[in-house]
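So you can see what is in the structure, the chains are spelled out below.
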Amino acid sequence: MPGEDTRADGPRGGRATDWKQDVIWRLEAVGFQALFAFLRLLGVERASALGGWLLRSLGPLTGTQKTVMRNLRIAFPEMPPDRREALAREQWDRTGRTFAELAVMDQLTPAGGRVEVVGMERLHALRDSGRPAVLISGHLANFEVMAAVIMASGVPCQVTYRAANNPYVDALIRKSRERYGIRLFAPKGDGTRDLMAGMKRGDSIALLVDQKYNQGPEVEFFGQPVNASPGAARLALKFGTVMQPLSVVRLPGARFRVTAHEPITVRETEDKAAAVLAGIQAANRFVEDRVREVPEDWFWVHKRWPDRVYAALEAAAPSAERRNGPQ
């Protein structure tokens, strides 16, 4: 959901960009473009495998491994430590594959034969209704594949995204997404008016609802409090429409299955805040259920819970676990 974007420098900002920063951005973009070209030359299977191997090898050596293991302990407190370790390694592999696959996303579509869709009739019904809906999901498997399916379904849809800090890299990412059909972008921070105007025209919107949003109301996720964006539920309530959940799972061979699930209705009551809160909770419970089904597919590198939950986790950790370092 759109949040504040405070960047002011650069081609999209109001102040002149420092020339040194601009040079750095341009050099980064050249490297990014060269990497994408290399991955496309490798082809889907080898590019995906390379990305998986790199992060499986390097990810556990980074500081982010601490976040991954803490998240796993919060979500699965009863899971044996060796199982959590194995799950962490596998999630690094799948995260690396997702990043590498961005270069070949135009080949990860239903038309390309690598994506099977369950419940496409639900998306076709949205398309044929001419009315907007709020399509929701989480950072599951290669979440870009869900956007590709939405485009293939013919649903006119604005896809929200967080712009890269480097505006030249951001332009390259947008171009890569345009290859598989995304034309309506709503950047987080400056896209709220576009979202509202689009929904008034009948455009749907697609949002990932499982990111930390400090200003949002508190709901429950894996039995612990989290702050979540109210945007999806608010927009569904405002436009009298449903939240349409989507999920994606990774299959062998850089293949995927996308499912359009039963819609979630945000029921209007006299207490609109309570109605929105119930909708947000339902959306986050949907994501939790999908993560429990295939935990390796979720984006565990994100610090999802508030600081107090992590602090309580460390305070409750056995002394031996503390001696061995963060898990």
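In what follows, the accompanying structure is described. Only a predicted model underlies this, so the values are computations on that prediction, with no experimental measurement involved.

Definitions and cut-offs
- Residues numbered from 1 in each chain as written.
- Predicted model: local features only at pLDDT ≥ 70, side-chain atom pairs only at ≥ 80, totals over all residues.
- Heavy atoms only, no water.
- Helix = DSSP H or I, 4+ residues; strand = E, 2+ residues; numbered from the N terminus.
- Buried < 20%, exposed > 50% of the residue type's maximum accessible area, 1.4 Å probe, protein only.
- Contact = heavy atoms within 4.5 Å.
- Areas by Shrake-Rupley, 256 points an atom, 1.4 Å probe, with all protein chains shown as cover.
- 1 Å grid on protein atoms, 1.4 Å probe; cavity = no way out; pocket = protein on both sides within 12 Å on 5 of 7 lines; lining within 4 Å.
- Points joined across faces, edges and corners; volume = space filled by probe spheres on them.
- Nonpolar A, V, L, I, M, F, W, Y, C, P; charged D, E, K, R; others polar.
- Phe/Tyr/Trp six-rings, centres within 6.5 Å; stacked < 30°, edge-to-face > 60°.
- Pairing = 2+ DSSP bridges.
- Salt bridge = Lys/Arg side-chain N within 4 Å of Asp/Glu carboxyl O.

A short note on the overall build of the protein
Within the protein, the regular secondary structure consists of 12 helices and 10 strands. Counting all 327 residues of the protein, 52% fall into the buried class. Summarising the internal contacts of the protein: among those between residues at least 6 apart in sequence, 76% fall at separations of at least 24. Carbon and sulfur atoms form 53% of the exposed surface of the protein, whose accessible area is close to 15,600 Å².

Side note on the layout of surface pockets
Of the pockets and cavities examined, the largest pocket occupies roughly 1,400 Å³. Along the wall of the largest pocket there are 50 residues; nearest its centre are His139, Phe143, Arg162, Arg177 and Gln211. Counting only elements with at least two residues in the lining of the largest pocket, the list comes to helix H1 (19–42), helix H2 (44–58), helix H4 (81–101), strand E2 (134–137), helix H6 (144–153), strand E3 (157–161), helix H7 (167–178) and strand E5 (204–208). In terms of residue class, the lining of the largest pocket is built from 31 nonpolar, 11 polar and eight charged.

Side note on the packing of aromatic side chains
Taken as a whole, this structure holds 11 aromatic pairs when the rule is applied. With a centroid separation of 5.6 Å and an interplanar angle of 80°, the aromatic rings of Phe76 and Phe222 are classed as edge-to-face. Residue Phe76 is located in the loop between helix H3 (64–75) and H4, and its partner Phe222 is located in the loop between strand E6 (218–221) and strand E7 (224–227); the two are separated by 146 residues in the primary sequence. Comparing Phe76 with Phe222, the two get one shared label, buried.

Side note on the environment of Thr67
Considering the arrangement of structural elements, one finds Thr67 in helix H3. Taking C-alpha positions, Thr67 is 7.3 Å from His302, a pair spaced 235 residues apart along the chain. If sequence neighbours within four positions are ignored, Thr67 has contacts with Trp300, Val301, His302 and Lys303.

Observations concerning the pairing of strand E9 (residues 255–260)
As defined by bridge partners, strand E1 (residues 115–118) adjoins E9 across four bridges and the pair is classed as parallel. Along E9, the bridge assignment pairs Val117 with Val258. Judged from the six bridges that link them, strand E8 (residues 242–251) and E9 form a sheet pairing that is antiparallel. Bridging from a neighbouring strand, Val248 pairs with Val258 of E9. The turn joining E8 and E9, which pair antiparallel and follow one another in sequence, is formed by three residues; a positive phi near 75° is taken by Gly253.

Some points on the pattern of salt bridges
As enumerated under the stated definition, the model contains 20 salt bridges in all. Asp106 serves as the salt-bridge partner of Arg40, at 2.8 Å between the closest nitrogen and oxygen. Note that Arg40 is positioned in helix H1 and Asp106 in the loop between H4 and E1, a separation of 66 residues in sequence. For Asp106, a relative accessible area of 25% translates into the label partly exposed.

Treat this as a map of the structure, not an account of what it does.
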